[in-house]
Structures are given as structure tokens and as C-alpha cells.
Amino acid sequence: MFFVDTLETEGLGNRSYLAGGPETAVVIDPPRDVERVVAAAAGRGVRIVYVAETHVHNDYVSGGLELARLTGAQYLVPAAARVSFDRTPICDGDTVGVDSGLVLRALATPGHTPHHTSFVVVEDGREVAAFTGGSLLIGSVGRPDLVEPRLTEGLARAQHASAHRLAAELDDAVQVLPTHGFGSFCSSSQAEGDATTIGRERKTNDALTMDVDAFVARMLAGLEDVPAYYAHMGPLNAAGPATVDLTPPKAAEGREIAERLAAGEWVVDLRSRTAFSQGHVAGTFNFEAEGKLATYLAWLIPWGKPVTLLAESAAQLADAQRELVRVGIDRPAAGATGDPASWLSEGDVLCSFPRADFAALRKARDAGEEVVVLDVRRDSERADGYVKDSVHIPVHELRERTGEVPAGMVWVHCAGGMRAAIAASLLDAAGRDVVAVDDGFDAALSAGLTVTSGS
């Protein structure tokens, strides 16, 4: 009996899959922390015989090579992908037997990358599921602009053709099981719903309801900024990622933390934005462990910059390490846990800044206070409405553009509070007076602030 277990990597908005029969299984697009996959297979009592990549990933470091080494499984990688390690090259139409009566068939679906390949599960001669990677997603497709700018339009057209190939060759009842689309910036838009089929996508997916020219025009117009660290993921995956080391980092005390800050290294406080605003080491940055830590830290930090992690507990620190290896931040330079007062160098005191809501911002404006409103949302979010007279610098650009923020008390907001907290910590470290607006953007209008439509 065919089974599929889904392994969520929520921080990156991706899914990996363990699929198979009573005895053996295949893993599709595994995460880098492969012990999760090994544990899932052990829980099922199955042996992993194949590890398959739909493409060389541009948004995370794959655990495929390591998982194949650990389990002895064959590593299936699209033949056209340029990689530097031994693997089993897979071509359009190739099949492998996963378990009795269970076959995996490769189906070329270029678009997200030139070599992208989907894998169709055939059970007793009937197609039952398709692992579509970054091709056909739930209500969308994978973005085509992550490989090379000159290829983008051609890959967008290939995405349209690949979606139509999947719809033409597979029955309506076939499950569509994508890797991207659950918050990943690899998706051209985000998934609506948790599951889908070829039949549903045939009715609702733009790639299947629009002609190619209209589809490509809409897709290219809607593409947003690519996280900076994506430029490093493809090369890491093509070279063959190193084995992960998740042992605790070197413990740092206050004096070393101060020295690392003075040297220009990054010291990241993983605590909640509430705790950070109430008391933190001067010069540290706040990336909440419970937020999209890997995405935003990897996006903002200069690639290769040493990073020290400050956490409430050893468990929080370990979880952060696990998230960060998924995006190639392999070893923290140091770490510290416990009371933030213990992270101070002798003679120093904790810093703080206020948090507020949009109603408080309205009161400050009405009272005639010198207020700078900084919107750190993405361009597409701001296009749907923004606070009148606000300054706009997306959070991922703020580190390079801090000097553009006008003088005065800076009230910084995003859509819900997480990115505003990151931005507030960056500004605070730069010596600016800040208020972090920890509120949903919908509250701006109800607070009586003038919200203007357009960019």
C-alpha cells in the first residue's frame, strides 16, 4: 500500500517527502538536517533505497548527498544538472522500482530551472501522485528568475509548457505534491490550501487557465526581490554540501561578545521581540527564533560574516543552529544562553526601546511630535496601501540604506511586527531612537491614520 509522509520545513516554506510501500521508500527533495528523514523512515519501518532531487535547489542546502551516503540509497539527480559529485543521472521517462508494485517515473518539467524534473508515482500500473518540486504548485508555479536573468522569460514559458504537460499526461485524481509554495520565496505566489490534485489545478492554476503570453506577462510583473543568500545555495548544492555539524558552539561570555561586536561581527539575539526591546546588549540584532529566522538572517547578513547567537536556552540555541544550516550558515562563531545581563561586558548596561501600536502612533502625530514613520514591508505590500507620509525601505535593504532614514524618532512598522523588530534592532544598533510598532497593518486605518493606496 502506497504511503506519503510530508516533512515540513516551515521556516523556509518548503516540504520534503518520504514515500514508499511496506518495505522500502524514496525521499524527495530532503532537508539538510537529514536525521528527521531517517527518523521518519524508522518510524515507518522502511528502508530508504532512493533519494531524488527535482532540481538543484536555489533556496536551501539539500541533505540529499548526505542522506544517500548514510543510507546507501541511490541518489537520483536530473542528468542535465551540473554537479560535482557522483550520482545516478535521471532522464525524462526513466523509471525505478521503489517497492513491490510501486514505480517512480521521471517527467521533465523545465521552468523553475532548465533541468527541473518531476517524479510520478505509479502504483500497480496506475498513476497516483506527482512530486512536482518547483514546477506545478498549489495555485501557482515556481519562479523562473533564480538561475540567470537572461533565461527568465524563456523559463517562464517553459513553466507554462511543463504545467500543461503534467495536466495532459496525468489524470485529474493524481495528487500534486510540490516542494515549494508554503512560504518559500521560490514560489511565484503562495499556496492557497494544503493539498491539491491535477483536476483542481486544471481549473484554478493560472498556468493552466491563461494563454502563455498572458501568463508570462503576469508572472514576470509579479516577481519580487530574491533573498540575497539564494545566490549561494545553487553553487553549494552543485558542489556537494558538507556534512552538518550541530554540536553546540563555543560558549561566549560578556567580554568576548563585546570584542566580537567591536570587530564588526554579527551578534544575534534570538529572544522574542518583546524581550529584546525590554533589554538587550548594545549593538546586537534581534531575529526571533520563532519567526522566519533562517530566511531573514541569511538574507540580511553579509555572506560569510561570523555570527554569535544569544538564546534563552540551550534548546532555543540548538533549534536555531538547525534552521541556519539549512541555508548554509553552518557554524556559529560562538553562543550564549541565559539571562541577558550575563551577556554584558563589565561596566555595560542593557539597552531598550519602546514598542507601541498604530493607535499610539496616531496620538504621537496628533501631539505634534517629530515622528518618522518607516515602512519596511515589500514593494507589493506597500502597493496595497501605506501610511501617508511614511518612508519606505524594505527590511532587506535597510542595512545598506540606514543613512536614508530622516532625522527624528523612527516609528518602524511592517505587516505584523516581526520585520519591524528586526529593523528596529538594526536602527537601534546604529544609534537611532526607535519605536517598534508591534501591530497588524490593518489596525493603521482603524487607528485613524491616513492610509493611501498605491506605491
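Definitions and limits used
Residues numbered from 1 in each chain as written. Predicted model: local features only at pLDDT ≥ 70, side-chain atom pairs only at ≥ 80, totals over all residues. Heavy atoms only, no water. Helix = DSSP H or I, 4+ residues; strand = E, 2+ residues; numbered from the N terminus. Rg over C-alpha atoms; globule rule 2.2 N^0.38 Å. Buried < 20%, exposed > 50% of the residue type's maximum accessible area, 1.4 Å probe, protein only. Contact = heavy atoms within 4.5 Å. Lys, Arg positive; Asp, Glu negative; His and termini not counted. Charge placed at Lys NZ, Arg CZ, Asp CG, Glu CD. Pairing = 2+ DSSP bridges. Axes fitted to C-alpha atoms, helices over the stretch in contact; angles between N-to-C directions. Right-handed = clockwise from strand over helix to strand, strands pointing away. Core = buried A, V, L, I, M, F, W, Y, C linked by side-chain atoms within 4.5 Å. Phe/Tyr/Trp six-rings, centres within 6.5 Å; stacked < 30°, edge-to-face > 60°. Arc of directions from axis to C-beta. Salt bridge = Lys/Arg side-chain N within 4 Å of Asp/Glu carboxyl O.

What about the overall build of the protein chain?
Here is step 1: The helix and strand inventory of the protein chain stands at 16 helices and 23 strands.
Here is step 2: Relative to the globule expectation of 23 Å for 455 residues, the C-alpha radius of gyration of the protein chain, 24 Å, shows essentially globular dimensions.
Here is step 3: Along the first, second and third principal axes, the C-alpha set of the protein chain runs to 70 × 50 × 35 Å.
Here is step 4: By the burial criterion, 55% of the 455 residues in the protein chain qualify as buried.
Here is step 5: Partitioning the contacts of the protein chain with sequence separation of at least 6, the portion at a separation of at least 24 is 68%.
Here is step 6: The average position of the 40 basic charges and that of the 63 acidic charges among the side chains of the protein chain differ by 1 Å.

Brief notes about the sheet that holds strand E9 (residues 117-123)
Here is step 1: With respect to topology, six strands assemble into an open sheet ordered E7-E8-E9-E10-E11-E12, the strand pairing being mixed. Of all strands in the sheet, those with a lone pairing partner are strand E7 (95-99) and strand E12 (196-197), marking the two edges.
Here is step 2: Strand direction decides the pairing type here: E9 and strand E10 (residues 126-133), joined by five bridges, are antiparallel. Bridge pairing in E10 links Val-120 to Ala-130.
Here is step 3: Packing of helix H3 (residues 152-169) onto the sheet brings it into contact with strand E8 (102-108), E9 and E10, and relative to E8 it is tilted by some 145°.

Some thoughts on the pairing of strand E21 (residues 409-413)
Here is step 1: With respect to burial, E21 is a largely interior element, four of its five residues being buried.
Here is step 2: Sheet analysis places strand E18 (residues 371-375) next to E21, joined by five bridges and oriented parallel. Each residue of the ladder has a partner; that of Leu-374, found in E21, is Val-412.
Here is step 3: The parallel pair E21 and strand E22 (residues 434-437) is bridged by helix H15 (residues 418-429), and the resulting crossover is right-handed.

Here's the deal with the nonpolar core
Here is step 1: Of all hydrophobic cores here, the largest spans 50 residues; its most connected members are Trp-266, Phe-287, Leu-297 and Leu-374.
Here is step 2: The residues contacting Leu-297, other than those within four sequence positions of it, are Trp-266, Val-268, Phe-287, Leu-324 and Ile-329.
Here is step 3: Judged by nonpolar contacts, the second largest core, of 21 residues, contains Ala-19, Val-49, Ala-52 and Val-128.

A closer look at unusual backbone geometry
Here is step 1: You will see that Asp-29, though not glycine, has its phi angle at about 50°, which is positive.
Here is step 2: For Asp-124, which is not a glycine, the phi torsion comes out positive at approximately 50°.
Here is step 3: In this fold, Asp-124 is placed in the loop between E9 and E10.

A closer look at the sheet that holds E21
Here is step 1: Spatially, the five strands line up as an open sheet ordered E17-E22-E21-E18-E20, and their pairing is parallel. Of all strands in the sheet, those with a lone pairing partner are strand E17 (355-356) and strand E20 (391-392), marking the two edges.
Here is step 2: Two elements, E18 and E20, share two bridges in a ladder whose sense is parallel. Each bridged residue has a counterpart across the sheet, and for Asp-375 the counterpart in E20 is His-392.

A word on the packing of aromatic side chains
Aromatic ring pairs are reported here in terms of the distance separating the ring centres and the angle at which the planes meet.
Here is step 1: A complete count under the given rule lists eight aromatic pairs for this structure.
Here is step 2: Seen from their ring centres, Tyr-229 and Tyr-230 are 5.1 Å apart, and the 85° between their planes marks the pair as edge-to-face.
Here is step 3: Taking relative accessible area as the criterion, Tyr-229 reaches 1% and is therefore assigned buried.
Here is step 4: On the accessibility criterion, Tyr-230 (5% relative accessible area) is buried.

Looking at helix H7 (residues 230-239)
Here is step 1: Among all positions of H7, only Tyr-230, Met-233, Gly-234, Asn-237 and Ala-238 are buried. For H7, the arc enclosing every buried residue in end-on projection is 120°, short of the 170-degree limit, so these residues lie on one face. Along H7, the residues that are exposed and aim more than 90 degrees away from the buried face are Ala-231 and Pro-235.
Here is step 2: Positive phi shows up at Gly-240, right after H7, with a value of about 100°.

A look at the pattern of salt bridges
Here is step 1: If you walk through the whole model with that rule in mind, you get 35 salt bridges.
Here is step 2: Put simply, Glu-259 and Arg-255 hold a salt bridge, and the shortest N to O gap is 3.4 Å. Here the residue Glu-259 and the residue Arg-255 both occupy positions in helix H8 (residues 254-262), the gap between them amounting to four residues, near one helical turn.

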